[in-house]
Amino acid sequence: MWGGRFAEATDELVQAFNASIDVDRAMALEDLEGSIAHATMLGEQGIVAPAEAAALIDGLKALIADVEAGRIEWSVALEDVHMNLEKRLTERVGPVGGKLHTARSRNDQVATDFRLAVRARTVRLIELLREVRGVFVDLAERHVDAILPGYTHLQVAQPVRFGHHFLAYFEMFTRDQRRLEDSLARLDVSPLGAGALAGTGFPIDRHRTAELLGFVEPAANSLDAVSDRDFALEFLSAASIAMMHLSRLSEELILWSSQEFGFVVLPDSHTTGSSIMPQKKNPDVAELIRGKTGRVYGALFGLLTVMKGLPLAYNKDMQEDKEGVFDAAATLAVCLRLTADMLPKMQVQSERTRFAAGRAFSNATDLADHLARGGLPFREAHEAVGKLVAIALAEGCDLQDLPLERLREVAPQLNDDVYRVLDVESVVDARTSYGGTARPRVLEQVARARAALASEATA
């Protein structure tokens, strides 16, 4: 590649250390796509003869078939995917293959390939997130009548409908999908034609290559075009947030499937056993998703660290940009796939969750609200219910188990209708505010979520 300048062969260890082919060959199809656009433009602009451009394009299309069929033997000596494919092209079409690199540098070439690769992975992840969101809507509708304890500080707080809980994840993953969709707008510019850093003196048409590659426009500044990796950082940031949501879900599945909780039974297909304890059923998929979250975070912080001290424009450090991105994309994709496959097979133990929801004084707030509606200032109502909780604890029962005369020792204004207020079904259905856990409100959320998914399907 640079033999004209150097008199000594590259050291073998340096060659291996310098090579990126093991990582960037994942962009082989994107590299060929970019080269076809470049060759097309070179021919249209008269920078190469029409016949030469046609030969280049035919050769590049043949290489696409070779890549897809796995017929390319990748060489570390050729360093990266770009030079490997250019050499194969020249072997196929002859010396005219050397004209492909006219008015182009590997700097703008790799930036273009990388954007194309991240775009493809972003689109795939958007599809998976949409599928996962649909799973949560189905679960919410199926389990709208199941009630479980809601927690703060992992202490029983107030009961909620299971459907309400599942729809919280629908909202989280909707935001994850929107973040990726929004990132496409900033990714959707073409670096091709920026050259090494300063552009080129050839009469190229950067708008034409941007159009051929499906970009909205060419990058406006050649220095920025080859040195920008914001799009990769934004992708990793969105992926990290999505993995965080998956990790929180996984943590709940791990807790819920334990013997102590017993709220759900995870499917055999997505759990494992023990080599020594025959009774064990381990939530390994959920645990691995939780564990792999750190892997995606690491990719984000790794690339931030690579980029933080780099002067403009391209530096070899930036070769470290792709491995973490590709690994994060693959990790998030498999975690979403596993989640979408596992959750529909999960069994909710609704009798156990309902029983748990009615324990630990989860209805205490409702009793305070009931007293406040009767005219007692809320702070006084809060204090009165606190005293009743202390009495119930001393007697080893829940609020709804205390006799009316015992309740009236602290709150004499109470009558028999207090037991309706304290019933767990009444407690959840009392939350009628928009976005609340009352049954009609949960069904509204289900309908809203289904409408959103339907509109996306027809967009």
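Look up a bit, the structure's there.
Notes on the structure in this doc start here. (Residues numbered from 1 in each chain as written. Predicted model: local features only at pLDDT ≥ 70, side-chain atom pairs only at ≥ 80, totals over all residues. Heavy atoms only, no water.)

**Here we look at the overall build of the protein chain**
Secondary structure summary: the protein chain contains 19 helices and 6 strands in total. Against the globule reference of 23 Å for 459 residues, the protein chain gives a C-alpha radius of gyration of 30 Å, more extended than a compact globule. The buried share among the 459 residues of the protein chain stands at 49%. For the protein chain, long-range pairs separated by at least 24 residues make up 74% of all intrachain contacts whose partners lie at least 6 apart in sequence. Total accessible area on the protein chain stands at roughly 21700 Å², and carbon and sulfur atoms take up 54% of it. Across the protein chain, the mean location of the 50 positive side-chain charges is 2 Å away from that of the 66 negative side-chain charges. (Helix = DSSP H or I, 4+ residues; strand = E, 2+ residues; numbered from the N terminus. Rg over C-alpha atoms; globule rule 2.2 N^0.38 Å. Buried < 20%, exposed > 50% of the residue type's maximum accessible area, 1.4 Å probe, protein only. Contact = heavy atoms within 4.5 Å. Areas by Shrake-Rupley, 256 points an atom, 1.4 Å probe, with all protein chains shown as cover. Lys, Arg positive; Asp, Glu negative; His and termini not counted. Charge placed at Lys NZ, Arg CZ, Asp CG, Glu CD.)

**Quick notes on unusual backbone geometry**
Cis geometry marks the peptide bond from Leu312 to Ala313, where omega comes out at 10°. The residue Ala313 is located in the loop between α11 (284-307) and α12 (321-342) in this model. Of note in the backbone geometry, Ala360 takes a positive phi value of approximately 60° without being a glycine. Relative to the helices and strands, Ala360 resides in the loop between α13 (350-357) and α14 (364-373). Of the residues examined, Ala360 reaches a relative accessible area of 40% and is grouped as partly exposed. Here the phi dihedral of Phe361 falls at roughly 60°; this positive angle occurs in a residue that is not glycine. By relative accessible area, Phe361 is classed as buried at 15%.

**Notes on the packing of helix α3 (residues 28-44) against helix α6 (residues 106-142)**
Where α3 meets α6, the axes come as close as 9 Å, and the angle between the chain directions of the two elements is 120°. What the angle tells us is that α3 and α6 run oblique. The way α3 lies across α6 gives a crossing that is right-handed. Packed against α3, whose contacting residues are Glu30, Asp31, Glu33 and Ser35, the element α6 presents Gln109, Asp113, Leu116, Ala117, Ala120 and Arg121 at the interface. Residue composition of the contact of α3 with α6, grouped by class: 3 nonpolar, 2 polar and 5 charged. (Axes fitted to C-alpha atoms, helices over the stretch in contact; angles between N-to-C directions. Parallel < 35°, antiparallel > 145°, perpendicular 65-115°, else oblique. Left-handed = near helix turned anticlockwise from the far one by under 90°. Nonpolar A, V, L, I, M, F, W, Y, C, P; charged D, E, K, R; others polar.)

**With respect to the pairing of strand β1 (residues 147-152)**
Bridge count between β1 and strand β2 (residues 155-161): 5 bridges; the pairing is antiparallel. Bridging across to β2, Pro149 finds its partner in Pro159. The hairpin formed by β1 and β2 contains 2 residues between the paired strands, and His153 there has a positive phi angle of roughly 60°. (Pairing = 2+ DSSP bridges.)

**Considering the packing of aromatic side chains**
Tallied over the full model, the rule gives 10 aromatic pairs. Between Phe114 and Phe326 the ring centres are 6.0 Å apart and the planes differ by 85°, which places this aromatic pair in the edge-to-face class. Separated by 212 residues along the polypeptide, Phe114 in helix α6 and Phe326 in helix α12 bring together distant segments of the chain. For the pair Phe114 and Phe326, a shared accessibility class is recorded, and that class is buried. Relative to Trp256, the ring of Phe162 lies with its centre 5.3 Å away and its plane at 80°, an arrangement referred to as edge-to-face. On the criterion of sequence distance, the pair formed by Phe162 in helix α7 (residues 162-187) and Trp256 in helix α10 (residues 230-256) is long-range, its members being 94 residues apart. Like Trp256, Phe162 is buried. (Phe/Tyr/Trp six-rings, centres within 6.5 Å; stacked < 30°, edge-to-face > 60°.)

**Structural notes on the environment of Arg431**
Relative to the assigned elements, Arg431 resides in the loop between α18 (424-429) and α19 (439-458). Judged by relative accessible area, which is 18%, Arg431 ranks as buried. Spatially, the C-alpha atoms of Arg431 and Asp366 are 9.7 Å apart, while their sequence positions differ by 65 residues. When near neighbours in sequence (up to four residues on either side) are disregarded, Arg431 contacts Gln158, Thr365, Asp366, Gly436, Thr437, Ala438 and Arg441. Polar side-chain contacts of Arg431 include one of 2.5 Å to the side chain of Asp366. (Polar contact = N/O pair within 3.5 Å; in protein donor to acceptor, adjacent residues only side chain to side chain.)

**Brief notes about α6**
With 37 residues, α6 should reach 54 Å at 1.5 Å per residue; the first-to-last C-alpha distance of 54 Å fits that figure. For α6, the buried fraction is high: 27 of the 37 residues fall into the buried class. (Expected span 1.5 Å × (residues − 1).)

**A few points about the side chain of Ser247**
Among the secondary structure elements, Ser247 is positioned in helix α10. Excluding residues that lie within four positions of it along the chain, Ser247 makes contacts with Arg290 and Thr293.

**Remarks on the side chain of Ser227**
Mapping Ser227 onto the fold places it in helix α9 (residues 222-227). Apart from the residues lying within four places of it in its own chain, the contact partners of Ser227 are Met307, Leu312, Ala313, Tyr314 and Met318.

**Observations regarding the pattern of salt bridges**
The tally for this structure, following the rule as stated, stands at 40 salt bridges. Note that Arg208 and Glu44 form a salt bridge whose closest N and O atoms lie 2.8 Å from each other. Highlighted residues: Arg208 in helix α8 (residues 206-212) and Glu44 in helix α3, separated in sequence by 164 residues. Owing to a relative accessible area of 43%, Glu44 belongs among the partly exposed residues under this scheme. The salt bridge partner of Glu171 is Arg448, with a shortest N-O separation of 2.8 Å. With Glu171 in helix α7 and Arg448 in helix α19, this pair connects stretches of sequence that are 277 residues apart. Residue class for Glu171 comes out partly exposed when judged on its relative accessible area of 27%. (Salt bridge = Lys/Arg side-chain N within 4 Å of Asp/Glu carboxyl O.)

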